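Breakdown of the fold
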Amino acid sequence: MNSSVLLTVEGEVGKQCKLTWNDLAAIDPRWQMEDVRQIDPKRMGGAIALEGILQLAEVKPSAEYLTIHSDRSDFHASIPLASVRDRGYLLYRQQDQPLETTAGGPVRFLIRDFAACHSSEVDECANVKFVDRIELSIERGFDNRPVDDISHEELHQQEGN
Ligand SMILES: Nc1nc2c(c(=O)[nH]1)N[C@H]1C(S)=C(S)[C@@H](COP(=O)(O)O)O[C@H]1N2
Ligand SMILES: [Mo]
């Protein structure tokens, strides 16, 4: 498990990355947050700051958008990179174990001070679960977050996505 690729970082980067759990855990401690309860009391576990991942991948100045993909569950959010650069995190661990699927694992995006669902681009819906790919791009990428209360409600009725 610890040697399988959990997260691909691609697009407007100098170095495309395919990261395992061990790679995430080995990122400089200055980017590691031990307990995300400090930014969201509903969540538990350890996270890595988005900025740590961006530096690892040598993000290019041309990157304007960040698209967080869960290809496995077909859920995707694309937001202006500048709007989350200093407040985006990737939750990936519970002590020394991978984050469980029930918590959105093995990798889950989490934004500090997100807005209510579909009240702004950077909303709770952008806290993508089961993230497998992060894409940096010049133009806005694919986004299939629910756009209104009805589609949002339908989404929440579905089990396990
Ligand atoms: N992969 C995936 N991530 C997702 C969703 C989803 O359906 N699939 N729903 C989003 C929406 S609309 C919201 S409001 C939050 C809800 O997070 P929670 O279930 O942990 O409260 O997750 C977001 N992340
Ligand atoms: Mo949402």
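The paragraphs below set out a description of the structure included in this document. Everything quoted here is computed from the prediction, not taken from an experiment. The residue count restarts for each chain, going from 1 along the sequence in the order it is written. Numbering of ligands from 1 and lettering of chains from A proceed in the order in which they are written. At least 70 in pLDDT is required for a residue's local features to be given in this predicted model, at least 80 for side-chain atom pairs to be given and counted, and no such filter applies to totals for whole chains, interfaces and linings, which use all residues. As a rule here, side-chain values come from all non-hydrogen atoms in the structure, and water together with hydrogens is ignored.

Let us look at unusual backbone geometry. For the peptide bond that leads from glycine 105 to proline 106, omega is 10°, which places it in the cis range. A run of H or I in DSSP counts as a helix once it spans at least four residues, and a run of E counts as a strand once it spans at least two, with each numbered from the N terminus. Along the chain, proline 106 turns up in the loop between β8 (97–98) and β9 (108–111). One non-glycine residue, glutamine 95, adopts positive backbone phi at about 50°. Mapped onto the secondary structure, glutamine 95 falls in the loop between β7 (88–94) and β8. Non-glycine residue aspartate 113 carries a positive phi angle of around 60°. Counting through the fold element by element, aspartate 113 comes out in the loop between β9 and β10 (133–137). The rule is simple: take the accessible area with a 1.4 Å probe, protein chains only, and divide by the maximum for that residue type; under 20% is buried, over 50% is exposed, in between is partly exposed. By relative accessible area, aspartate 113 is classed as exposed at 59%.

Now for the sheet that holds β10. Within a sheet, each strand pairs with its neighbour through backbone hydrogen bonds, oriented either parallel or antiparallel. Across the sheet, which stays open at both edges, the five strands sit in the order β2-β1-β10-β5-β6 with mixed pairing between neighbours. Of all strands in the sheet, those with a lone pairing partner are β2 (17–20) and β6 (75–80), marking the two edges. Pairs of neighbouring strands in the sheet enclose a mean axial angle of 15°, with direction left out of account. Here, strands pair whenever DSSP counts at least two bridges between them. Whenever a helix is involved, its axis is fitted only over the stretch in contact; in every case the axis is a line through C-alpha atoms, and angles between N-to-C directions fall within 0 to 180 degrees.

The next thing to look at is the pairing of β6. Where burial is concerned, most of β6 is hidden: six out of the six residues are buried. Alignment of strand β5 (residues 65–70) against β6, held across six bridges, turns out to be antiparallel. Bridged to tyrosine 65 within β6 is proline 80. Linking β5 back to β6 in an antiparallel pair, the connection comprises four residues, with aspartate 74 at a positive phi of about 50°.

This paragraph deals with the pairing of strand β4 (residues 46–49). Where a strand is regular, its side chains alternate between the two sheet faces. The side-chain alternation of β4 yields two buried faces, one formed by Gly46 and Ile48 and the other by Ala47 and Ala49. The sheet contact formed by strand β3 (residues 32–33) and β4 spans two bridges and is antiparallel. Note that in β4 the partner of glutamine 32 across the bridge is isoleucine 48.

The next subject is the pattern of salt bridges. When a carboxyl oxygen of Asp or Glu lies within 4 Å of a side-chain nitrogen of Lys or Arg, that pair is called a salt bridge. Under the defined criterion, the tally for this structure stands at 14 salt bridges. Notably, a salt bridge pairs arginine 43 with aspartate 40, separated by 3.4 Å at the nearest N-O pair. With respect to class, arginine 43 is no different from aspartate 40; both count as buried. Via salt bridges that share partners, Glu121, Asp123, Arg140, Asp143 and Arg145 belong to a single interconnected network.

A surface patch of like charges, here negative, comprises Asp148, Asp149, Glu153 and Glu154. Looking at the secondary structure, you find glutamate 153 in helix α4 (residues 149–157). The residues that make up patches have over 30% relative accessible area and no salt bridge, and they are joined within 9 Å when like-charged or within 5 Å when they are Val, Leu, Ile, Met, Phe, Trp or Tyr. Working definition of accessibility: Shrake-Rupley area with a 1.4 Å probe, residue cover restricted to the visible protein chains. Asp and Glu are treated as the negative residues and Lys and Arg as the positive ones, with His and the ends of the chain left uncounted. Taken as the charge centre is NZ of Lys, CZ of Arg, CG of Asp or CD of Glu, depending on the residue.

Another point: the layout of surface pockets. One number sums up the size of the second largest pocket: a volume of about 300 Å³. For the second largest pocket, the lining is made up of 16 residues, of which Met33, Glu34, Asp35, Gly46 and Arg93 are closest to its centre. Residue assignment for the lining of the second largest pocket shows that the elements contributing at least two residues are β3, β4 and β7. Counting residues per element, the lining of the second largest pocket draws most heavily on β7, which supplies three residues. Cavities and pockets were defined on a 1 Å grid built from protein atoms only: a cavity is a group of points that admits a 1.4 Å probe but offers it no way out, a pocket is an open group of points flanked by protein on both sides within 12 Å along at least five of seven lines, and a lining residue is one with an atom within 4 Å of any such point. Grid points are joined across faces, edges and corners, and a volume is the space filled by probe spheres set on the points.

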